[in-house]
Every structure is written in C-alpha cells, then in structure tokens.
Amino acid sequence: MKKLFTLLSLSFLTLNLVAQTVKLKITYKDYPVQNSDITIKIGDASIGTGRTDNDGEVSISCSNLFTKNIDVYGSKTTSNTTKTWDVKGYVNLDGNNFYHMKMEVFAKEMADASGGFMSESSIAAMWGLAAGGKNDSENMSSNSNTNTNNNTNSNSNNQTTNTEPEEEKIDLNQMREDNLLTYKQNLENDIIRFERKIKKDEKEINEARAEGKSQTEIRRLEIDKQIDILTKEKKEILLRETNAKIAKTELSFEEKRQNSSRKDQIKDEISLLKDEDKKLKNAEKTASKEKEIEITQAGNEIITEEQKAKNEQKAYEEEEKFQKKSKQMLKLDLTELKVALKKKNLNFKIQAGAGIQEEEKMTKLKEEIVALELKVEKYEKRIAELEGKEEK
C-alpha cells in the first residue's frame, strides 16, 4: 500500500512538472480578437483550450507540450452563425511559450493564394476577426481570465448583438462585390488577349499559304483561329452578364435564354473543332513518320563501303585512345558521364510524368540512356583493371 501511494505521488508530481502554460495574443490590424474559443493542437491531437479576453489574450495550460511548434484553431458562435479559422505550421512559441498572432498576415496570405478572387477584408469577415460582442458557444474549460470574459460579455450583449448581423451582411456584400469586380477584370483581360491572338492566327495562316504549306497544316491553323474566336465570344457573353450583376440590373428572360443557348452552341462547336484537329494531327504524324522511314531507307542505301570503313577506323582510334588514358583521366571522364546520365534519367522521368506521348522522342531518349549506362560500365571496369595492376 505504501509503494502504491509513493507511485501515485510521483506520477502526480511528474504531471505537475510537465504542465506548461501557453500564452497567445491574437489581434487583427492591432485590434484584439475578443471572446474567441481557441484550441491548440500538435498534429491532430488537441492539447488545450481557452477563450480570448477583452485584450485578445488567452492562457492555456498544457500537460504534453513537447514541441514549440503548434497549430491554432479559433471559433466564435453568434445567434446567426459560427465562424472558424485555423493557422497551421506558422506558430512557433518563444522561450516563455508566448506568440503574438497577427491575423492580418494570415488573411493576406490566403487572399494572395486565392488569385484575387477573395480580398483580405472578406477573409477577415469570414473568420469573424472584426466581429465584437459575446460568444454564444458553451464556455470552454481553460486557465483564461473567465471573469474578464464574463464582464465583457455582460457589458456588451445589448450593444453588439444587434449590430453584429448588420456588420456580417456588409462584409458578405463586400466579398461578393470584390469577387465580381475581379472576375470582370479577368474577363476583360482575356478578351484583349484573344483579340491579339486572333490577329496572330491570321498572320500565321497567310504566311503558311505564301510558303506553300500543306492543306492539313493550313486547316489546323484555321481551326486554332476559329476556337479563339468562339472563346472570345463566350467571354464577351460572360462579361455582359457580369456587368449586369455589378450594376444590379436584371437581364430580360429572352436575353438569358439566348445567352445560355449560345454558350452551349459554342461549347459544342469547339468540341467538334478539337476533334477535327486531333484527327488531322494524327494523320500528319503518320505521314511524317512514313516520310522519315523513306528518307532513312534511302540514306542507308547511299552509305558506301568506304563510309563503313571510315566508321570502323574512327571506332578503332577511339578505343585506342581510351586504352591509353590514365586512371585519373578515366575517373574525371567517368564523373562527367555519371552527371550526363543523371540528367538524361531525370529528363526521361519528367517527360513520362507529364504524359508526353511522342513515342519516337521517348525511344531516342531511352537509347541515349542505355548508351551512357554501357559507357559508365566500361569506364568502371577499366578503372578496376588499372587499380588491380597497381596492387600487384
């Protein structure tokens, strides 16, 4: 019994020694993020919870804080909605287990990652960073200053509960307007880009005709131009619809019907053009391959016995030079060969990973890799021979 009591005492003492307090200060543009439920995790494991006070500060007791790198999750529930956020991989506690989370930094990073479709302010609103007032979720057990939180809640209930829904509405409207304006700008830029591309397409078609290129090549260029014209038309329809939404004007039923019908037609026409281009490309590739085979066969017939003799002489001279190389020179050459082999292998993996279907190109690359591998093997054997002679 005495031993059991001693073990329990030691376990309790050990837990007390391991327990540590994490202190966070959470602000958005220097304003405290108040009354937010905070959970800190290491990986998927929650190690403590708390609630920010009127100054945006929270203290959380943790018994298993074995690293300074933590993930922080925030939540705030009102009568209308629950807003949540999380910051993973950024919070690294200092020597006092403290970290000041400036939420505008994380909101801006997410806005940048959205490619302009969401603004920093809309993300802040979505996370509830600017919302004041109470938190309607159940109180979380923590070492936070609960009295301060309770006082803040009781003093601000009447004032902020009424204004928060209006604030959220403004934020949501702003987010919608920002997204529409960004989408409009992207459409306008695309239309300008396709106008330039259509002019370029026309120039290439005229040059191909002047150079006497095949009908297949010219037709493929014409298909590119037609696809660009149709794509530009579709974006112009989308721009008209977007402008109507921004101006808060409703298109007539007939306009909506015509726009929808034309967009479907454009989709079908582009699909047909792409199918035609694919068939022409395959036919062009087949014809090109057959022509290359003919040229290769003709070239093989031209090779004379004299040329064969020259090739054999060149191979003999190269082998003689190889046999005369010193061990040091062979090692230098071997290093260069291995670097070249590594590059070829990497290139082959990249091409294969990208789904490149040019069989001839991939076959040639593979042949070059095999040739380098054989050369590396040859050099390694020669170096081993020379080292064996030195040992004797």
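Since the model is a prediction, treat every value here as computed from it, not as a measurement.

A.B. asks: Provide a residue-level description of the overall build of the protein chain, including the pertinent values.
C.D. replies: Along its length, the protein chain carries 9 helices and 8 strands. Residues counted as buried form 29% of the 392 residues belonging to the protein chain. Contacts spanning at least 24 positions in sequence make up 67% of the contacts within the protein chain whose residues lie at least 6 apart. Looking at the protein chain as shown, the accessible area adds up to about 26,300 Å², and 52% of this sits on carbon and sulfur atoms.

A.B. asks: Before we move on, could you go through unusual backbone geometry and cite the residues and values that matter?
C.D. replies: Working note: non-glycine residues mostly have negative phi, and peptide bonds are mostly trans. A positive phi angle, near 50°, is found at Asn35, a position not held by glycine. Residue classification places Asn35 among the buried positions, given a relative accessible area of 1%.

A.B. asks: Account for the environment of Ile123, naming residues and giving values.
C.D. replies: Note that Ile123 resides in helix 3 (residues 120–127). In sequence terms Ile123 and Trp85 are 38 residues apart; their C-alpha atoms lie 9.8 Å from each other. Setting aside residues no more than four positions away along its own chain, Ile123 makes contact with Ala107, Met110, Ala111 and Met118.

A.B. asks: Talk me through the sheet that holds strand 7 (residues 82–92); I want residue IDs and the actual numbers.
C.D. replies: Two modes of strand pairing occur in sheets, parallel and antiparallel, and in both the strands are linked by backbone hydrogen bonds. Spatially, 4 strands are ordered 4-3-6-7 in an open sheet, and the strand pairing comes out antiparallel. Only two strands of the sheet have a single partner each, and these edge strands are strand 4 (45–51) and strand 7. The mean angle between the axes of side-by-side strands here comes to 20°, regardless of whether they run parallel or antiparallel. In this structure, strand 6 (residues 69–77) lies alongside strand 7, joined through 8 bridges in antiparallel fashion. When the sheet's bridge partners are listed, Tyr73 is paired in strand 7 with Asp86.

A.B. asks: Can you break down the side chain of Arg51 residue by residue, with the values?
C.D. replies: Note on placement: Arg51 falls in strand 4. Here the side chain of Arg51 touches Asp37 through a polar contact of 2.7 Å, side chain to side chain.

A.B. asks: A description of the environment of Asn347 should follow, citing residues and the corresponding values.
C.D. replies: Residue placement: Asn347 occurs in helix 8 (residues 327–353). C-alpha separation for the pair Asn347 and Met362, spaced 15 residues apart in sequence, amounts to 10.0 Å.

A.B. asks: Lay out the pattern of salt bridges in plain terms, naming residues and giving numbers.
C.D. replies: In the structure shown here, the tally under the stated rule is 25 salt bridges. Across the pair Asp37 and Arg51 runs a salt bridge whose closest N-O atoms are separated by 2.7 Å. Linking Asp37 in strand 3 (residues 37–42) with Arg51 in strand 4, this pair joins segments that are 14 residues apart in sequence. By relative accessible area, which is 6% here, Asp37 ends up buried. Asp190 is the salt-bridge partner of Lys235, the closest N and O atoms lying 3.2 Å from each other. Within this pair, whereas Lys235 is found in helix 5 (residues 215–246), its partner Asp190 is found in helix 4 (residues 146–210), the two being separated by 45 residues in sequence. Residue classification places Lys235 among the buried positions, given a relative accessible area of 19%. With a relative accessible area of 18%, Asp190 lands in the buried category.

Conventions we followed
- Residues numbered from 1 in each chain as written.
- Predicted model: local features only at pLDDT ≥ 70, side-chain atom pairs only at ≥ 80, totals over all residues.
- Heavy atoms only, no water.
- Helix = DSSP H or I, 4+ residues; strand = E, 2+ residues; numbered from the N terminus.
- Buried < 20%, exposed > 50% of the residue type's maximum accessible area, 1.4 Å probe, protein only.
- Contact = heavy atoms within 4.5 Å.
- Areas by Shrake-Rupley, 256 points an atom, 1.4 Å probe, with all protein chains shown as cover.
- Pairing = 2+ DSSP bridges.
- Axes fitted to C-alpha atoms, helices over the stretch in contact; angles between N-to-C directions.
- Polar contact = N/O pair within 3.5 Å; in protein donor to acceptor, adjacent residues only side chain to side chain.
- Salt bridge = Lys/Arg side-chain N within 4 Å of Asp/Glu carboxyl O.

No statement about biological role is implied by the geometric values presented.
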